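Fold and geometry: a report
So the chains spell out like this:
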Amino acid sequence: MTAGYPLAGLRVIDLSTEIAGPYCTKLLADAGADVIKVESPGGDPLRRWTASGAAIPAGEDSALFQHLNASKRGVVIDIETATGRADLRALVAATDIMVESFPPGTLRRLGVDGTSVRANNPTLSVVSISPWGGTGPWADRPATEFTLQAAMGSIAYRGLPDGVPVAAAGRLGEWLAGIYAAVGALSAWLSARNTGTGHDVDLSMFESMLLGMTTFSDLRSQWRKGPLLRSIDIPSIEPAKDGWVGLCPITSQQWKDFCLLIGHPELGDNPRYLQIHHRMEDLPFMQQIIHGWTRQHTVAEIIERATQLRIPAGPIGNGQTLPHIDHFVARGVFGSGPGGFLRPRPPYQFEKAPLRPFGPAPRLGEHTDTVRREFAQDRPSVSSQLKQGALILRRAQHERGQPGPAGFSAHPELVEGRAENPSQQAVRRAETGPALPLTGLRVIDLTNFWAGPIVPLHLAMFGADVIKVESIQRPDGARLADLIPNEPVWEWSALFAGANLGKRDVTLNLMAPEGMTLLKRLLASADLVVDNYSARVLENFDLTWERVHALNPRLIMLRMPAFGLDGPWRDHPGFGQTVEQISGLGWITGYEDRPLVPRAVCDPLAGLHAVLAALLALEHRRRTGEGQLVEVPLIETALNVAADQVIEYSAYGTLARRQGNRGPYAAPQGVYRCAEAGEYVAIAVATDTQWAALRKAMGDPEWAREPVLATVAGRRAAHDAIDAHIEQWLCTQSRDAAAQRLADAGVPAHGVINAHFVTPNPQLEHRRFFQVMRHPVTGETRYPGLPMAFSGLDRQLHHRPPPTLGQHNEEVLGGELGLSAEAIADLRERKIIGERPVFM
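As the structure is a prediction and not an experimental result, all values here were calculated from the model.

**Digging into the overall build of the protein**
Broken down by element type, the protein carries 35 helices and 26 strands. Computed over C-alpha atoms, the radius of gyration of the protein comes to 26 Å, within 12% of the 28 Å expected from 2.2 N^0.38 for 840 residues, which places it in the range of a compact globule. If one aligns the C-alpha atoms of the protein with their principal axes, the spans along those axes are about 85 × 75 × 50 Å. Residues classed as buried in the protein amount to 63% of the 840 residues present. Contacts in the protein between residues at least 24 apart in sequence constitute 77% of all its contacts with a sequence separation of at least 6. Only carbon and sulfur atoms are counted for the fraction: they give 53% of the accessible area of the protein, which is about 29,700 Å². Here the protein carries 82 positive and 90 negative side-chain charges, and the mean point of each set is 2 Å from the other.

Dropping the structure here:
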């Protein structure tokens, strides 16, 4: 029964291959969409690829392919032929979303791009995923996920000072692009349902990774001198008596408690070591002390004692151990399905909206005849049917005096009784253009740090009115991260600024009854509330789901505790690095003898999955009128993007291992020293054609002509020798000249860029990735936007800079809740509201 799924009735054509596009459409299929995978006669290369290098039995598809393509139908169409293109046009004529990952311009060359096919289906949206984006000076530059990491600054700042910089393993950028694509696809669909016109969504993997694999480094570069020094977190993944253990004392208090734990409270009392980069400057000293303690205790002992002090800690999981960790067993995170191997469930849980159980992945062309007959009926697009029904629902709700549902423009006659904020008024004045899909949505933001705040950030970009609630007793911790000594110091955090654009900000002391009463008044008129505290925090305020639901039955409550709302680890603290340590991402990243966390990826990954979960919950509410509780644990989003480790150990018995800068996708692959000290070029040869191009660029030396090197298996076996030859060739060349020479020859290569110096960048400038706005404290500031361009929306979607602390107290509390000036002054006098932290 599919009718109850959030996306029941949505039809998706998936022309993509590898990981990013299939992960996007997997998430849509999990939510009930009918996804039809269209492959060439040769099939998706992922059918024959494994991350562990395990042999795939004859007649089977890889376990990872089966996971990413579960519950889809499969057809074979050769779009290079006229007949194939006619078949594709017939499919998309009755389709809502098409996802593709061809080289830029391919569909346009063949006459089946979005503009062409919308002649017969105006509401169709086409999501295109490419390394650099579909246009710009680098659009056709060869790249892999590894060389994109070099280009956007991820590689340069990870690693030991006396070693080479190290990439994050696991093709993380592709998974990141996949979740961004899913958010873009649903947003385009919602917009098309409002306006009757679909979008071309042009997604850049480079921009996705810039947002998700660095901590707003370009923002930071505008306020602080560079470069970013190569480093590791201290402490992070450390040797214990019986293995590796993960520790993550991010806050000052956690660091002090950690120093107390290891018997050196004097380190916690030293203000110099409150900053991680100062600990890095004294790395040998720090490691001697930390390892002297951790090596004397087992992993279990360290976790128990750290957790008692509220220090985030956990085991270093891998494909073998993860399914057996008690917390994941208790929560039922892993299970088997078609194919017989273990895999993680979807990373969010809904109280009322069911998700589709995993169905089998299609064999190559399995449903070609069935689908051809089905589409021959030439049914009208599902989008047009849903849009017509939605208009009827909207009229009925207006007659009952109910606010318009998310996904529809809030026209003036539908917002009676609710004050409009300036962003809504601006949209109203611009109704001749396409409506932002979430216009009229009210979001209460109770989040802090990074994973939580980027959920309302993205909703605001698509039109939602977001009210962020902090307090002067405990402002968002991100305001005090990586402190920059400007006044007022709490307004100069790149992390806070990058994650909180487009929001209004109020301060409410929730420990005071008056503060809690005002929060409840905000919740009573809201559509969505988001928090990412540990599970117990809101309960301590008596803001349980039951209480909130009774206050506002249509409200959706989205919660993002690190480890979920139940299970043995329910109350454990955790940050993004904590879940990187536990999920297996830390197991495969780093040097062969030392695991490292990828850094700066699991927070945005969790936030983006939560954005998707919010859109699904809103769609369920549009169809049913029901609010509900939604749970998006950080750890489960990380387990989903690290899924190949558990999948392949379960399917093939092979355990993934760390390989430094080498990997299972390309050979040779690595970072290679150049003529300038400290400069490197990243190279990844993913195909035999690219190997031939590398040989030519190097002058086709005799050693490279060995027949055994013509295959990836041969190159992998000779990796050490090839690396030595490449580095010898590069040692007299400059980084940028060598990288350009290789790219011009068709080799995926890029200089290893320090994230502090990502800009100026001609590709980002061409695509208008950044948006300059005036902030009341920092002045003219350059902010990052979305990693995708919508053909029917402005490229720059931020409608206000990040808020100062309590900036909108009068506007919201007075203008919308009706408090008098005297009442607001009294609240400020009693420090229930304010604009300056009480401890500053």
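**Quick word on the sheet that holds strand β8 (residues 243–247)**
Spatially, the three strands line up as an open sheet ordered β7-β8-β9, and their pairing is antiparallel. The open sheet has two free edges, formed respectively by β7 (237–240) and β9 (313–315), since each of these has just one partner strand. In this sheet, neighbouring strand axes are inclined to one another by 35° on average, regardless of whether the strands run parallel or antiparallel. As judged from the three bridges shared by β8 and β9, these two strands associate in the antiparallel manner. Among the inter-strand pairings, glycine 246 is bridged to a residue of β9, identified as glycine 314. Contacts between helix α14 (residues 299–308) and the sheet are confined to β7, β8 and β9, with β8 contributing the most and set at about 15° to the helix. Packing against the sheet, helix α24 (residues 576–583) makes contact with β7, β8 and β9, and its axis sits at approximately 15° to β9.

**A short note on the nonpolar core**
Nonpolar side chains tend toward joint burial in soluble globular proteins. Grouped together as the largest cluster of nonpolar side chains are 120 residues, with contacts concentrated most on Leu7, Leu186, Phe328, Leu459, Leu558, Met560 and Leu612. Here the element with the most residues in this core is helix α7 (residues 172–195); it accounts for 14 residues. Leucine 558 has contacts with Leu528, Val529, Val530, Asp531, Ala610, Ala614, Val630 and Val632, leaving out every residue within four places of it along the chain. Counting 32 residues, the second largest nonpolar core, distinct from the first, contains Leu508, Leu519, Val529 and Leu565.

**With respect to the packing of aromatic side chains**
Applying the stated criterion to the full structure yields 14 aromatic pairs. Taken together, the ring pairs in this structure connect Phe328, Phe334, Phe563 and Trp569 into an aromatic cluster. The side chain of arginine 279 reaches across the aromatic face of tryptophan 255, ending 3.7 Å from its centre. Lying over the aromatic face of phenylalanine 496, arginine 479 brings its terminal NZ or CZ to 3.8 Å of the ring centre.

**Focus: a nonpolar patch on the surface**
Taken together, Leu480, Leu483, Val838, Phe839 and Met840 make up a surface patch of nonpolar side chains, about 410 Å² in accessible area. Relative to the elements of secondary structure, leucine 483 occurs in the loop between β14 (465–470) and α20 (494–499).

**Description of the confidence of the model for the protein**
Residues of the protein with pLDDT of at least 70 account for 93%, and the chain-wide mean is 92. For residues 380–434, every residue scores under 50 in pLDDT, and the model assigns this stretch 89 contacts once sequence neighbours within four places are set aside.

**Topic: α24**
A large share of α24 lies buried, amounting to eight of its eight residues. Buried within α24 are the following residues: Gly576, Gln577, Thr578, Val579, Glu580, Gln581, Ile582 and Ser583. Count one or two residues on from α24 and you reach glycine 584, which has phi positive near 110°.

**Remarks on the environment of phenylalanine 790**
For phenylalanine 790, the position within the fold is in strand β26 (residues 788–790). For phenylalanine 790, a relative accessible area of 6% puts it in the buried group. Setting aside residues up to four positions removed in sequence, phenylalanine 790 forms contacts with Gly184, Ser187, Ala188, His199, Asp200, Val201 and Phe462.

**Thoughts on the pattern of salt bridges**
Tallying each qualifying case throughout the model produces 63 salt bridges. Aspartate 826 is the partner of arginine 830 in a salt bridge, and the nearest nitrogen-oxygen pair spans 2.9 Å.

**Describing the sheet that holds β26**
Taking strand neighbours across the sheet as the criterion, the seven strands line up as β3-β2-β1-β4-β5-β6-β26 in an open arrangement whose pairing is mixed. Bordering the open sheet on either side are β3 (73–76) and β26, each of which pairs with just one other strand. Direction aside, neighbouring strands of the sheet carry axes that sit 20° apart on average. As defined by bridge partners, strand β5 (residues 125–130) adjoins strand β6 (residues 200–204) across five bridges and the pair is classed as parallel. By the bridge assignment for β6, isoleucine 129 is matched with leucine 203. Contacting β1 (11–14), β2 (34–39), β4 (97–100) and β5, helix α1 (residues 20–30) crosses the sheet at an angle of about 160° to β1.

**A word on helix α21 (residues 513–524)**
The terminal C-alpha atoms of α21 lie 16 Å apart, and with 12 residues this matches the ideal 16 Å at 1.5 Å per residue to within 8%. Taken together, the buried positions of α21 are occupied by Gly515, Met516, Leu518, Leu519, Leu522 and Leu523. In a view along the axis of α21, the buried residues occupy a sector of 160°, so they form one face of it. The inward-facing, buried residues of α21 abut β13 (442–445), β14, β16 (528–531), α23 (545–551), α34 (809–814) and α35 (821–829).

**Focus on the pairing of strand β21 (residues 669–673)**
For β21, the tally of buried residues reaches four of five residues, placing the bulk of the element in the interior. Alignment of β21 against strand β22 (residues 680–684), held across five bridges, turns out to be antiparallel. When the bridges of β22 are listed, tyrosine 672 appears paired with valine 681. Counted between consecutive antiparallel strands, the loop separating β21 from β22 contains six residues, among which glycine 678 sits at a positive phi close to 80°.

**Structural notes on unusual backbone geometry**
The step from glutamate 487 to proline 488 runs through a cis peptide bond, and the omega angle for that step is -10°. By secondary structure assignment, the location of proline 488 is in the loop between β14 and α20. Each neighbour pair has its own omega, and for alanine 667 with proline 668 the value is 0°, a cis peptide bond. Mapped onto the secondary structure, proline 668 falls in the loop between α28 (643–652) and β21. Although it is not a glycine, glutamate 18 adopts a positive phi angle of roughly 70°. Assignment of secondary structure puts glutamate 18 in the loop between β1 and α1. Positioned with a positive phi, phenylalanine 216 is a non-glycine residue whose angle comes to about 50°. For phenylalanine 216, the location among the structural elements is in the loop between α8 (205–212) and α9 (217–221).

**Re the environment of glycine 32**
Assignment of secondary structure puts glycine 32 in the loop between α1 and β2. For glycine 32, a relative accessible area of 4% puts it in the buried group. As a C-alpha pair, glycine 32 and glycine 4 span 28 residues in sequence and 8.3 Å in three-dimensional space. Ignoring any residue separated from it by four or fewer positions in sequence, one finds glycine 32 in contact with Tyr5, Leu7, Ala8 and Arg356.

**Considerations on the state of the cysteines**
Enumeration according to the criterion identifies zero disulfides in this entry. For cysteine 674, which is in no disulfide, the shortest distance to another cysteine sulfur is to cysteine 731 and amounts to 9.4 Å. Accessibility expressed as a relative area gives 7% for cysteine 674, which makes it buried. A relative accessible area of 40% places cysteine 731 in the partly exposed class.

**Here we look at the packing of α7 against helix α26 (residues 602–624)**
Put simply, α7 and α26 touch, their axes get as near as 9 Å, and they point 30° apart. Judged by the angle between their axes, α7 and α26 are roughly parallel. Here α7 and α26 pass one another in a crossing that is left-handed. Note on element contacts: α26 touches α7 through Leu605, Leu608, His609, Val611, Leu612, Leu615, Leu616, Glu619, Arg622 and Arg623, opposite Leu176, Ile179, Tyr180, Ala182, Val183, Leu186, Ser187, Trp189, Leu190 and Arg193.

Each value, and the rule that gives it
- Residues numbered from 1 in each chain as written.
- Predicted model: local features only at pLDDT ≥ 70, side-chain atom pairs only at ≥ 80, totals over all residues.
- Heavy atoms only, no water.
- Helix = DSSP H or I, 4+ residues; strand = E, 2+ residues; numbered from the N terminus.
- Rg over C-alpha atoms; globule rule 2.2 N^0.38 Å.
- Buried < 20%, exposed > 50% of the residue type's maximum accessible area, 1.4 Å probe, protein only.
- Contact = heavy atoms within 4.5 Å.
- Areas by Shrake-Rupley, 256 points an atom, 1.4 Å probe, with all protein chains shown as cover.
- Lys, Arg positive; Asp, Glu negative; His and termini not counted.
- Charge placed at Lys NZ, Arg CZ, Asp CG, Glu CD.
- Pairing = 2+ DSSP bridges.
- Axes fitted to C-alpha atoms, helices over the stretch in contact; angles between N-to-C directions.
- Core = buried A, V, L, I, M, F, W, Y, C linked by side-chain atoms within 4.5 Å.
- Phe/Tyr/Trp six-rings, centres within 6.5 Å; stacked < 30°, edge-to-face > 60°.
- Lys NZ or Arg CZ within 6 Å of the ring centre and 35° of its normal.
- Patch = residues over 30% accessible without salt bridge, like charges linked within 9 Å, V, L, I, M, F, W, Y side chains within 5 Å.
- Salt bridge = Lys/Arg side-chain N within 4 Å of Asp/Glu carboxyl O.
- pLDDT = per-residue confidence, 0-100.
- Expected span 1.5 Å × (residues − 1).
- Arc of directions from axis to C-beta.
- Disulfide = S-S within 2.5 Å.
- Parallel < 35°, antiparallel > 145°, perpendicular 65-115°, else oblique.
- Left-handed = near helix turned anticlockwise from the far one by under 90°.

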